[in-house]
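# Examination of the molecular architecture
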Amino acid sequence: MKEIFQEYGGILITITAILAVLAVILVVVGTDGSGVVGKAFANLIEHFISTADSAAGM
């Protein structure tokens, strides 16, 4: 076990860190606009489109 950690310890820590970052991103952003940031971004896009449509006279 000690040899495995000496040989692959850095790689295991890197993979664990990447997976943790991805998990945090999925929780915060969410999928399909279900997270806080996802909803805010969707609202921003909808507001931009409605403002652009009204400015263009559509």
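Please refer to the structure higher up on the page.
What this report covers is the structure whose coordinates are included nearby.

### Focus: helix H2 (residues 36-56)
- A rise of 1.5 Å per residue sets the reference length of H2, with its 21 residues, at 30 Å; its end C-alpha atoms lie 30 Å apart and thus fit the reference within 8%.
- Residue Gly57 follows H2 closely and has a positive phi angle near 80°.

### Let's talk about the environment of Ile18
- Residue placement: Ile18 occurs in helix H1 (residues 2-29).
- For Ile18, a relative accessible area of 48% puts it in the partly exposed group.

### With respect to H1
- Here H1 contains 28 residues, and its C-alpha end-to-end distance of 38 Å stays within 8% of the 40 Å for a straight helix at 1.5 Å per residue.
- Along H1, the largest kink reaches about 70° and is centred on Tyr8.
- Directly after H1, the chain includes Gly30, whose backbone phi takes a positive value near 80°.

Basis of the calculations
Residues numbered from 1 in each chain as written. Predicted model: local features only at pLDDT ≥ 70, side-chain atom pairs only at ≥ 80, totals over all residues. Heavy atoms only, no water. Helix = DSSP H or I, 4+ residues; strand = E, 2+ residues; numbered from the N terminus. Expected span 1.5 Å × (residues − 1). Buried < 20%, exposed > 50% of the residue type's maximum accessible area, 1.4 Å probe, protein only. Bend = angle between axes of the 7 residues up to and from the residue.

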